[in-house]
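Inside the fold
Each chain, letter by letter, is given below.
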Amino acid sequence: EAQVTQNPRYLITVTGKKLTVTCSQNMNHEYMSWYRQDPGLGLRQIYYSMNVEVTDKGDVPEGYKVSRKEKRNFPLILESPSPNQTSLYFCASRLRTGYNEQFFGPGTRLTVL
Amino acid sequence: RKEVEQDPGPFNVPEGATVAFNCTYSNSASQSFFWYRQDCRKEPKLLMSVYSSGNEDGRFTAQLNRASQYISLLIRDSKLSDSATYLCVVKGAAGNKLTFGGGTRVLVKP
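No experiment lies behind these values; they were computed from the predicted model shown. (Residues numbered from 1 in each chain as written. Chains lettered and ligands numbered in written order. Predicted model: local features only at pLDDT ≥ 70, side-chain atom pairs only at ≥ 80, totals over all residues. Heavy atoms only, no water.)

Helix and strand counts for chain B come out as zero helices and 11 strands. The secondary structure elements of chain B, listed N-terminal to C-terminal, are β-β-β-β-β-β-β-β-β-β-β. Here the C-alpha atoms of chain B give a radius of gyration of 13 Å, agreeing with the 13 Å that 2.2 N^0.38 yields for 110 residues. For the C-alpha atoms alone, the extent of chain B along its principal axes is close to 45 × 30 × 20 Å. In chain B, buried positions account for 45% of the 110 residues. (Helix = DSSP H or I, 4+ residues; strand = E, 2+ residues; numbered from the N terminus. Rg over C-alpha atoms; globule rule 2.2 N^0.38 Å. Buried < 20%, exposed > 50% of the residue type's maximum accessible area, 1.4 Å probe, protein only.)

If you want it as structure tokens, here you go:
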């Protein structure tokens, strides 16, 4: 089944404790991105990657890192999480940059205490 | 001003009725437009693209008004299963970035 998977789905952590949210897609998509969704603010892009070893900042990159060592994986790293990073996070992929349909993972609900 | 703005709702709709709502965008150079559907705190999924001439997919009709910079979604014969948040999405001139509106919540009631 073609899909985007994320892990963990739920995470409660404490300020400053490094964490990684994994994202993987099995559709051989070139383009992948991370979003956070907050009430009243909609989905905001954190980082995106147009292909392996190519990443760039989105609208709200502060406090996050990403890497794209393989085409299928695009982990999101929070080196020192803070409470303002409490949010619902979605990974997404699409075939390539200009392609229209974007597929989302199921989301990761992160709480930073 | 936000790049993509939507009325958050909720739009309370009797089952079988018609509901319509708009989304405005600020960048006149925007290339493509979409409606995504998001069920409660689940992942968004593409509902339909919006074409310049307007397009229909079953009970759903989408329209684009470039002069006034808005798109619309109309749902006819609303079903209980249409209850969801509808996200307006605009692709920028560079063809890369998708910008999401905050969503319009629709509640269809028996």
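More follows now that the structure is in view.
Attention now goes to the overall build of chain A. In terms of helices and strands, chain A carries zero helices and 11 strands. Tracing chain A from N to C terminus, the helices and strands come up as β-β-β-β-β-β-β-β-β-β-β. Whereas a compact globule of 113 residues would reach a radius of gyration of roughly 13 Å, chain A reaches 13 Å, a difference of no more than 12%. Along the three orthogonal principal directions, the C-alpha set of chain A runs to about 35 × 30 × 25 Å. Going through the 113 residues of chain A one by one, you find that 48% of them count as buried.

Our focus in this paragraph is the interface of chain B and chain A. Between chain B and chain A, the residue contacts involve 19 residues of the former and 23 residues of the latter. Both sides together, the interface formed by chain B and chain A hides about 1700 Å², and carbon and sulfur atoms give 47% of it. The three residues of chain B that bury the most area against chain A are B:Arg41, B:Asn96 and B:Phe100, which together make up 35% of that side's buried surface. Across the contact surface, chain B and chain A share one salt bridge. Here A:Asp59 makes a salt bridge to B:Lys97, at a shortest N to O gap of 2.7 Å. Elements with a contribution of two residues or more to the side of chain B that touches chain A: strand E4 (32-38), strand E9 (84-91) and strand E10 (98-100) of chain B. Counting residues per element, the side of chain B that touches chain A draws most heavily on E4(B), which supplies four residues. (Contact = heavy atoms within 4.5 Å. Buried area = accessible area lost by both parts, 1.4 Å probe. Salt bridge = Lys/Arg side-chain N within 4 Å of Asp/Glu carboxyl O.)

Another aspect to go through is unusual backbone geometry. A cis geometry characterises the amide bond from A:Asn7 onward to A:Pro8, with omega recorded as 0 degrees. Here A:Pro8 shows up in the loop between strand E1 (4-7) and strand E2 (10-13). Of note, B:Gln69 is a non-glycine position whose phi angle comes to about 60 degrees, a positive value. Here B:Gln69 lies in the loop between strand E7 (60-65) and strand E8 (70-75). With phi around 50 degrees, B:Asp77 is a residue other than glycine that occupies positive phi space. For B:Asp77, the position within the fold is in the loop between E8 and E9.

Moving on: the sheet that holds strand E6 (residues 55-57) of chain B. Residues and elements named next belong to chain B. Spatial ordering of the open sheet is given by E1-E3-E8-E7-E6, a layout of five strands whose pairing is antiparallel. Strands at the two margins of the open sheet, each flanked by one partner only, are strand E1 (4-6) and E6. Between one strand axis and the next, the sheet turns through 20 degrees on average, direction left out of account. Across three bridges, the pairing between E1 and strand E3 (residues 19-25) is antiparallel. If you follow Gln 6 over to E3, its bridge partner there is Cys 23. (Pairing = 2+ DSSP bridges. Axes fitted to C-alpha atoms, helices over the stretch in contact; angles between N-to-C directions.)

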